[in-house]
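So the chains spell out like this:
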Amino acid sequence: MHYFTQSILIALQNIRANPLHTFLSTLGIIIGVAALVGILALGDGLEQTGREQLRDTTSLNILTLNTKQTKVVDNIRVRIENPPKLTVAHAKTIIEKYSNRALVELMNSGTGQVVYGDSISAVYLQGNMDNWLLFTGDSLFKGRYLIEEDILNEAKVAVITYQLALQWSDSPSKIIGEEILLKNQNFKVVGILQEKESDISKIFIPITTYETTFDSYPEITLKVENAEEIPVLESELKSWLNINFDAGETGFSLISNKMRVEQFSRGILLFKLIMGAITGISVLVGGIGVMNVLLISVTERTKEIGVRKAAGAKKKDIVLQFMAESITISFFGCITGWVIGMLGIFTFVPIVNSLTDMNFKAALGINTLIIILVVAMVVGVVFGTYPAWRASQLDPIDAIRHE
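All residue numbers refer to position in the chain's written sequence, counted from 1. For this predicted model, a pLDDT threshold of at least 70 governs which residues receive local features, and a threshold of 80 or more governs which side-chain atom pairs are given and counted, while totals over whole chains, interfaces and linings are taken from all residues. For the side-chain quantities, the full set of heavy atoms in the structure was used; hydrogens and water were omitted.

Section: helix 8 (residues 207–214)
Put simply, the test is: Accessibility here uses a 1.4 Å probe with only protein chains present; expressed as a share of the type maximum, an area under 20% marks a residue as buried, one over 50% as exposed, and anything in between as partly exposed. A run of DSSP states H or I qualifies as a helix once it reaches four residues; a run of E qualifies as a strand once it reaches two. Both are numbered from the N-terminal end. We call two residues in contact when some of their heavy atoms are within 4.5 Å.
Within helix 8, six of the eight residues are buried, leaving the element largely enclosed by the surrounding structure. Looking only at helix 8, the buried set comprises Ile207, Thr208, Thr209, Tyr210, Glu211 and Thr213. Residues of helix 8 that are buried make contact with helix 4 (88–97), strand 4 (102–116), strand 5 (119–128), helix 6 (148–152), strand 9 (185–194) and strand 10 (202–206). Just beyond helix 8, the residue with positive phi is Asp215, at close to 50°.

Details of the pairing of strand 10
Walk down a regular strand and you will see the side chains alternate between the two sheet faces. Our working rule: Paired strands, as defined in this entry, are two strands with at least two bridges between them according to DSSP.
Counting buried positions over the five residues of strand 10 gives five, a clear majority of the element. Inspection of the sheet shows strand 5 paired to strand 10 by five bridges, in the parallel sense. Residue pairing in the sheet places Asn128 in a bridge with Pro206 of strand 10. Alignment of strand 7 (residues 157–161) against strand 10, held across two bridges, turns out to be antiparallel. Note that in strand 10 the partner of Ile160 across the bridge is Ile203.

Looking at the nonpolar core
For the record, the criterion: Definition of nonpolar core: a set of buried residues of the types Ala, Val, Leu, Ile, Met, Phe, Trp, Tyr and Cys, connected through side-chain atoms within 4.5 Å.
Within the largest apolar cluster, 42 residues are counted, with the highest numbers of intra-cluster contacts made by Ile160, Ile180, Ile203, Ile220 and Leu222. One finds Ile62, Phe135, Ala155 and Val159 within the second-largest nonpolar core, a separate group that totals twelve residues.

Notes on the side chain of Thr209
As for its position among the elements, Thr209 is in helix 8. The exposure class of Thr209 is buried, given its relative accessible area of 0%. When neighbours within four sequence positions are excluded, Thr209 is seen to be in contact with Glu154, Ala155, Lys156 and Phe187.

Describing helix 4
Inclusion rule: Arc definition: directions from the helix axis to the C-beta atoms.
Buried residues of helix 4: Val88, His90, Ala91 and Ile94, and no others. One side of helix 4 carries all its buried residues, which in axial view fall inside an arc of 155°. Buried residues in helix 4 make contact with strand 4, helix 6, helix 8, strand 11 (219–224) and helix 9 (230–244).

Let's talk about the packing of aromatic side chains
The way to describe two aromatic rings as a pair is by their centre distance and the angle between their planes. Selection rule: For Phe, Tyr and Trp, where Trp contributes only its six-membered ring, two rings pair if their centres lie within 6.5 Å, and the inter-plane angle classes them as stacked under 30 degrees, edge-to-face over 60, or tilted in between. Put simply, a charge is over a ring when the Lys NZ or the Arg CZ is close to the ring centre, within 6 Å, and near the line of the ring normal, within 35 degrees.
Enumeration over the complete set of coordinates arrives at seven aromatic pairs. Plain terms: the ring middles of Tyr116 and Trp168 are 5.0 Å apart, the flat faces sit at 25° to each other, and that makes the pair stacked. Placement of Tyr116 in strand 4 and of Trp168 in helix 7 (residues 162–168) is noted, with a sequence separation of 52 residues between them. Among the residues examined, Tyr116 registers a relative accessible area of 17% and is labelled buried. Exposure remark for Trp168: the relative accessible area of 11% places this residue in the buried category. Every member of this aromatic cluster is reached through a ring pair, and the members are Trp132, Phe135, Tyr145 and Phe204. Here the basic side chain of Lys223 rests over the ring of Phe135, its NZ or CZ set 6.0 Å away from the ring centre.

Have a look at this one:
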């Protein structure tokens, strides 16, 4: 280890003695690594931005578990007798199980008519638990949302959308505390929701109240942060179903856009691999430049090598010396390229954001630095092997006589 450290110090002295020569020889590595850093950072940033867009605009990160209520027999779809039913207790178990990995909601929906005063309106009805606002990112306009006590007590309370409140009153806030008639039952309005899709007339009631009122089969929906976790959660939920229900996973349907998730992930990976291969050509050229520097160094230091071998240095000592120099030069080129790549990214990203409406960000992860270090080692070892071997094969007598 001490000898290897000494070899690196000697290599650094050679770099300081010929800085321009070393820089020009490693220019290919510098350019290649700078481009590679840019591609990796932009690729990670593109993936992160893409995931954010998909999460906000599609259901790629949604996994739905619902009861199978029909089956196909002799090519005819018939209703299943006494299908298994998901309950609040099941939902709470899953919430506890995946609290740090996904948002979980027990819900059901349908349509109906609601009466307020002399007004009869057709609305979308939805029963759910108390964390719907976290699930959707919507906000309250007035009042409160459903709470756990409402769920446990099957309370006759309702939260309505701003659009529906506006249909009933010029001052929507006045609807808070009013009674509405739904399915011949009185419900008290406790909140007004300002949904992102504000043109929808919708009423939210506790899922337990919805079940008793409409005799429905609710579904459990999981929303994950990372869409790639969908297949893992799907597999884990199947095991959970097999343990907790007599019908097992066959009594339920797990619905997701798994294929689209896989296509998205493969597309990003393909982008990184192709662009990485293109930039790898520059790294290859840079490696050839390093080999050229070391071959010249062998020629210039032939007499020195001869003296060292005559003094007792073994072939492996000579090989280690030149391998250390190769790795050091490669490392120097890679670090310089990394710095230039980072500067380029910080310059490029603001230009992209100024030309588009997307808030694009380059993702700089520890993986990028690890890849650069691996590249430096691989280039140093691969392209330093031949010069090191050639130096170790010199005859000490002929080397000392070399002019």
